[in-house]
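Spelled out from the first residue to the last, the chains are:
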Amino acid sequence: MSGRPKKLLLLTLAAALLAGVFFLQGSLNRDREQLGLTRMQPLENAPPVLAFTTVALGGFRGLISNMLWIRAGDLQEQDKFFEMAQLADWITKLEPQYVHVWLVQAWNMAYNISVKFTDFGDRWRWVQRGLELLRDQGIPANQNAVLIYRELAWFFQHKMGANLDDANMYYKQQWANEMAQVFGKLKKPDLDELINPQTDDQKARARLLREKFKMDPVFMKEVDQHDGPLEWRLPEAHAIYWAALGLKIAANNPSKVKAEDLITLRRVIYQSMQLSFYRGRLVNNPFAKAFEFGPNLDIIPKVSAAYEQAAAEDAAYHDHILQAHKNFIKDAIYFLYEYNRISDAAYWYKYLAEKYPNADVLDYSKPGTSPARSVSLDQYCISRIQDDVNGTPRDRIEATIEGQIMTAYRCLAIDEDEHAAGCKLLAQRLWDNYMSRIPAGDRRKAVGLRPFAEIDREMLRRILDPEHGAAPEVRAVLLTKLGIRGDTARAPAPAPGTNAAPGQAHE
Amino acid sequence: MQRLYAIAWLTWKAAFRFRLFLVIAGLLLVSVVGLPLLIKDDGTARGFTQILLTYTLTAITALLGFSTLWLACGTLARDIEECQIQMLAVKPIARWQIWLGKWLGIVSLDAVLLALSAGCVYGLLQWRAHRLPPDQQQALRNEVLVARGSAREKNFDKEIDARADQLLRERLEKNPLETRQANLGEVRRQIRESVKAAYELVRPGSPSRPWRINLGSARLHLRGQPLSLRVKFNAAEGSASGTYGGILAFGEPPKTKTAQSPVLSMAPDTFHEFIIPPDLFDADGVLTITFGNPNETALLFPLEDGVEVLYPEGGFGPSFVRALGIILCWMALLAALGLASASLLSFPVAAFFSLGLLAMTLSSGTMANAVEEGTIAGYNPEKNTRGSSPVDLVVIPTFRAALKVIRLAMDFSPVDSLSTGRRVTWTQLGLALSQIVVLMAGSVGLLGIFALSRRELAGAQAVQ
């Protein structure tokens, strides 16, 4: 056979072989994996550039990657960062399946390079680069790499969530702004409208969530129900999401996951839940035109449960975790008390006394002298803002009471009524506590505090003072809420000893 | 000259005949236009411009460099191998004229290609800059698309040496035995370092000594213009956040107005740039700067590069042209190298030899390391030990000499200067011209001309 028929035959044969390879490749890859013939997973669903570089360059990829890595190191030493995003992109494209390459490059950008800049906007850009590298490229190229999920969660928890970086508040504000594109600015995030979007706006926001932030609203809701309620505009919620997703991925590939990786993922979850408790609620301050953070008190039962679960699963750190749990419960009690949720505070105080019967709540320097069962809830909470009422000078006590009352009015102005009532209650208790320790008689007049109502009136006068007080819009809100008309001179004195929010005291 | 031009013209014609000019020009233009589409920047206009300048000019230099070397080797070696040079050699034209004419032809070809591609880069930069919002445009023109001069504090070496000598004398007077027992050179070095540290140190909770930077005659055109401060410091102790606070204050009342920064968050061991408000220097052009250290650890601002003031000193365009001038000097050297190799060797060997030399030059970092460590046997940083090899006796001095020669050409960084908004000066261009073209290319050229003059051209066999 020669000429044209031969060529046609060869072409047909080539096409048939190619088709055969196409169908066989999948099972070959599975066999490779099952029989342990390859150390790494074959690259799947890779973008064309990535697929090309990994296949076309073969063994030379490592060499080129090393050269680029050396160049990146040299440039970094010379403080030339403008090439770093490009070099990280090339290095990870050349070695897409080495998980540590992704981790190191992302860490370098988010941690090492970001702090080299004084401008917080510049820093935020590099933190974003690190996040995006892991989220947008690292995870798609290594969908079962638990370490990448852990690292991503850690960036949210530590780099953005913790306060180690001077720019952490800027990061939080920027992230809240980004999330506002998905959830809207002022309302509480609604996951249901993103799971089943009805309007064009909802559809666009759901698409943004899936395509830009690579998050699944269905799984977000699962996480929210299991570990929340969470404030999705804050980084902690995202730390929990990515760690939970890592755990889910790990559950699908149990043979490829190390036990310690699972522990670190769970650690991210309960630590982020703890952070979420401390300041996992966004409070809109319309006067400062910025967000403020408040504690997320609804999450307390789940955080407590997460600690207990982590302690049970992590034998090496069992005692440390329980110690952290104990401290968390103490904080939770105080926060609940401060937010006027007295019955919840009492519940957790009882829980503390039962779970940790020997835990001291007052004087930690004398173990065993102040277990929860022998100290009242009021005593404990007052001691939190003032370690030793007896030894504290009168002026400091009065300043503390004034501070609490001012906080109460400030909270009232931004619709944090529960917190306002709690602060007022704490101030009243502090006043009662101090005065109860002074014996009756002439001495009481000399070292005693001014009447509580007088202090309260003075604080209200200060905050409503048109010249030196709060901003006009804050004053207007307070006047309305307190039902006061006219100037501060005519402001009625709040009833002394009330447990209600300042606004409610006059109703 | 006419003969030189004639040979140069023949080289041009050959470049067109072999479509070399068109291919290289096409490649250069593709790289200039294509790179901006491929590269990933840091997200800022400044970063994008820096990476664009660096990558496009580096790509142009690399492409042009290789093609120059290839063309230089090819044009002469193949002329000799294919016996075409015999047509020239029998004419009333000297061998050195043939050599020099070819060199001129290649360099002029490079000049045109460089101008073409660099013109596109310049146009691209300006076009993109114009499309930016005004504030970013301003930042770009202040920091990158600008030619900035630099001023530092006066040199304190004399004072430091005098003080170190005085302290050493006092110490020896107190303890004369030390004269015999101690390594005096080392003792003096340590005293000098401690004296120097006193100039560099900013104690915790204290302001620095005033850094007085004389702007010289530049003050005359800097009225009303913001300047830039570039600082770098080392910290005595690490910080958990990786950054330290600092407050910068400018001016010296009542001689000048003053300005102060808020508390800045700065990382150690890295350069930070800040804008200095205009008109804070005095009538003599002295700008006074102090740094407040609110941290709990001492900070050290190195005398060499700790504090530097950058000021606008000219347009980006002229600086860009001078930088291209330096790149052309490199091309001239590569052309001389290729021609010199081809004067003596056949085309493949000449090309291999020239590329080998180029690779050696590009790996001068390895040589520098070996020279610094004093051995090629490797250094163990963990144990702080060095190996040794008998070969070091020969290799290290050879490397040292080679580095000296290489640095004559490589000690210029026009692309780097452009991307950081530094001015490429006429002095730098003049130095590049004298060191790279006159000295290095001239020496290589003389060797090449000598080799070509001595070569038996009629002995070559025509390649069919």
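Residues numbered from 1 in each chain as written. Chains lettered and ligands numbered in written order. Predicted model: local features only at pLDDT ≥ 70, side-chain atom pairs only at ≥ 80, totals over all residues.

### Focus on the overall build of chain B
Defined as follows: The helix and strand labels rest on DSSP assignments: H or I over at least four residues marks a helix, E over at least two residues marks a strand, and numbering proceeds from the N terminus. A residue is called partly exposed when the number of other C-beta atoms within 10 Å of its own lies between 12 and 20, exposed at 12 or fewer, and buried at 20 or more, with C-beta atoms placed from the backbone. Any residue pair is listed as a contact if its two C-beta atoms, each placed from the backbone, are within 7 Å.
Within chain B, the secondary structure is distributed over 15 helices and 14 strands. With the C-alpha coordinates of chain B rotated into their principal frame, the extents come out at 80 × 65 × 40 Å. Counting all 464 residues of chain B, 35% fall into the buried class. Partitioning the contacts of chain B with sequence separation of at least 6, the portion at a separation of at least 24 is 82%.

### Describing the packing of helix 4 (residues 84–94) of chain A against helix 5 (residues 99–113) of chain A
Residues and elements named next belong to chain A. The line we're drawing: All axes here are fitted lines through C-alpha atoms, helices being fitted over the stretch that makes contact, and every angle between N-to-C directions spans 0 to 180 degrees. Oblique is the label for any angle not covered by the other classes, which are roughly parallel (under 35 degrees), roughly antiparallel (over 145) and roughly perpendicular (65 to 115). Crossings are classed by handedness, with left-handed meaning an anticlockwise turn of the near helix from the far one by less than a right angle and right-handed meaning a clockwise turn. Polarity classes work like this: nonpolar for Ala, Val, Leu, Ile, Met, Phe, Trp, Tyr, Cys and Pro, charged for Asp, Glu, Lys and Arg, and polar for all others, with Gly in that last group.
Contact geometry of helix 4 with helix 5 gives a least axis separation of 9 Å together with a crossing angle of 170°. Of the possible angle classes, the one that applies to helix 4 and helix 5 is roughly antiparallel. In this structure, helix 4 crosses over helix 5, and the sense of that crossing is left-handed. Contacts from Met84, Ala88, Ile91 and Thr92 in helix 4 reach Val101, Trp102, Gln105, Met109 and Ile113 in helix 5. Here the contact of helix 4 with helix 5 is composed, by residue class, of seven nonpolar, two polar and no charged.

### Side note on helix 21 (residues 452–464) of chain A
Residues and elements named next belong to chain A. To keep things clear, this is the line we draw: Take the residue count of a helix, subtract one, and multiply by 1.5 Å to get its expected span. This arc is built from the directions going out from the helix axis to the C-beta atoms.
When the terminal C-alpha atoms of helix 21 are compared, their 18 Å separation across 13 residues agrees well with the 18 Å that a helix rising 1.5 Å per residue should span. Buried within helix 21 we find Phe452, Asp456, Met459, Leu460, Ile463 and Leu464. Down the axis of helix 21, the buried side of the element spans an arc of 125°, and every buried residue falls inside it.

### Description of the sheet that holds strand 12 (residues 307–314) of chain B
Residues and elements named next belong to chain B. Definition in use: A pair of strands is considered paired only if DSSP assigns at least 2 bridges between the two.
Strand order in the open sheet formed by four strands is 1-12-4-9, and the pairing between neighbours is antiparallel. Each end of this open sheet is capped by a strand with a single partner; those strands are strand 1 (147–152) and strand 9 (272–276). Adjacent strand axes in the sheet meet at a mean angle of 30° when their direction is disregarded. For strand 4 (residues 227–231) and strand 12, the ladder comprises four bridges, and the chain directions are antiparallel.

### Considerations on the domain arrangement of chain A
All names here are of chain A. Heads up, the condition is: Domain ranges listed in this record stem from an automatic or a database domain assignment.
Taken domain by domain, chain A holds domain 1 (46–141), domain 2 (335–385) and domain 3 (394–505). In this assembly, eight residues from domain 2 lie in contact with 11 residues from domain 3. At the level of elements, helix 15 (318–338) and helix 17 (377–385) are the ones that each hand at least two residues to the side of domain 2 that touches domain 3.

### Considering the nonpolar core
Rules: A set of buried residues drawn from Ala, Val, Leu, Ile, Met, Phe, Trp, Tyr and Cys, joined through C-beta atoms within 7 Å, is what defines a nonpolar core.
Residues Ile240, Ala243 and Ile333 of chain A together with Ala332, Leu333, Ala335 and Ala336 of chain B are the most contacted members of the largest nonpolar core, which totals 194 residues. If you tally residues by element for this core, the top one is helix 10 (residues 316–344) of chain B, at 19 residues. Not counting residues up to four positions away in its chain, the partners in contact with Ile240 of chain A are Val223, Asp227, Leu230, Ile269, Ser272 and Met273 of chain A. Of all hydrophobic cores here, the second largest spans 27 residues; its members include Val115 of chain A together with Leu215, Leu248 and Phe281 of chain B.

### A closer look at the interface of chain A and chain B
How big an interface is tends to be stated in terms of the accessible area lost upon association of its parts. Every contact between the two is made by 16 residues of chain A and, on the other side, 21 residues of chain B. A total of four residues in the side of chain A that touches chain B trace back to one element, the largest contributor, which is helix 4 of chain A. Counted by class, the side of chain A that touches chain B contains seven nonpolar, two polar and seven charged residues.

### A short note on unusual backbone geometry
A negative phi holds for most residues other than glycine; trans holds for most peptide bonds. Cis geometry marks the peptide bond from Pro253 of chain B to Pro254 of chain B; its omega dihedral reads 0°. Within the element layout of this structure, Pro254 of chain B appears in the loop between strand 6 (244–250) and strand 7 (259–260). Despite not being glycine, Lys214 of chain A has its phi angle at roughly 55°, a positive value. Relative to the assigned elements, Lys214 of chain A resides in the loop between helix 10 (200–211) and helix 11 (217–227).

### Focus on the sheet that holds strand 5 (residues 234–235) of chain B
All names here are of chain B. If you trace the three strands from one edge of the open sheet to the other, you get 2-11-5, paired in antiparallel fashion. Each edge of the open sheet is held by one strand with a lone partner, namely strand 2 (201–202) and strand 5. Pairing analysis gives two bridges linking strand 2 to strand 11 (residues 299–300), with the strands arranged antiparallel. From the neighbouring strand, Val202 faces strand 11, where its bridge partner is Leu299.

### Focus: the packing of helix 3 (residues 45–81) of chain B against helix 5 (residues 95–130) of chain B
All names here are of chain B. Two elements in contact, helix 3 and helix 5, have axes whose closest approach is 10 Å; the angle formed by their N-to-C orientations is 160°. By the angle between their axes, helix 3 is roughly antiparallel relative to helix 5. The way helix 3 lies across helix 5 gives a crossing that is right-handed. Counted together, Thr49, Leu52, Leu53, Thr56, Leu57, Ile60, Leu64, Thr68, Leu71, Ala72, Thr75 and Leu76 of helix 3 and Lys102, Ile106, Asp110, Leu113, Leu114, Ser117, Ala118, Val121 and Leu125 of helix 5 form the full contact between these two elements. Across the contact of helix 3 with helix 5, the residue classes break down as 14 nonpolar, five polar and two charged.

### A few points about the environment of Leu29 of chain B
All names here are of chain B. With respect to the element layout, Leu29 can be found in helix 2 (residues 20–38). Among the residues examined, Leu29 registers 14 C-beta atoms within 10 Å and is labelled partly exposed. The spacing of Leu29 and Leu10 is 19 residues in sequence and 25 Å in space, taken between C-alpha atoms. Beyond its immediate sequence surroundings of up to four residues, Leu29 is in contact with Ser117 and Cys120.

### A short note on the confidence of the model for chain B
Our working rule: How sure the predictor is of each residue is captured by pLDDT, a score from 0 to 100.
Here chain B averages 86 in pLDDT, and 95% of its residues register 70 or above. Ranking the elements of chain B by mean pLDDT puts helix 8 (residues 178–181) of chain B last, at 63, and helix 10 of chain B first, at 93.

### Observations regarding helix 13 (residues 259–279) of chain A
For helix 13 of chain A, built from 21 residues, the straight-helix expectation of 30 Å at 1.5 Å per residue is met to within 8% by its first-to-last C-alpha distance of 30 Å. Of the positions making up helix 13 of chain A, those classed as buried are Leu265, Arg267, Val268, Ile269, Tyr270, Gln271, Ser272, Met273, Gln274, Leu275, Ser276 and Phe277 of chain A.

### Considerations on the domain arrangement of chain B
Per the domain assignment, the segments of chain B are domain 1 (2–141 + 316–459) and domain 2 (203–314). Here domain 1 of chain B and domain 2 of chain B have C-alpha centroids that lie 39 Å from each other.

### So, the environment of Ile321 of chain A
Residues and elements named next belong to chain A. Among the structural elements, Ile321 can be located in helix 15. Classification of Ile321 by C-beta neighbours within 10 Å gives buried; the count is 21. Separated by 236 residues in the primary sequence, Ile321 and Ala85 place their C-alpha atoms 38 Å from one another. When near neighbours in sequence (up to four residues on either side) are disregarded, Ile321 contacts Tyr307, Ala310, Ala311 and Asp314.

### Regarding the pairing of strand 10 (residues 286–292) of chain B
All names here are of chain B. Only one face of strand 10 is covered, namely the face carrying Leu287, Ile289 and Phe291; the face carrying Val286, Thr288, Thr290 and Gly292 is uncovered. With four bridges joining them, strand 3 (residues 211–214) and strand 10 adopt antiparallel strand pairing. Each bridged residue has a counterpart across the sheet, and for Ile213 the counterpart in strand 10 is Leu287. The sheet contact formed by strand 6 and strand 10 spans four bridges and is antiparallel.

### A short note on the pairing of strand 12 of chain B
Note that strand 1 of chain B and strand 12 of chain B share six bridges and pair antiparallel. Among the inter-strand pairings, Gly149 of chain B is bridged to a residue of strand 12 of chain B, identified as Tyr311 of chain B.

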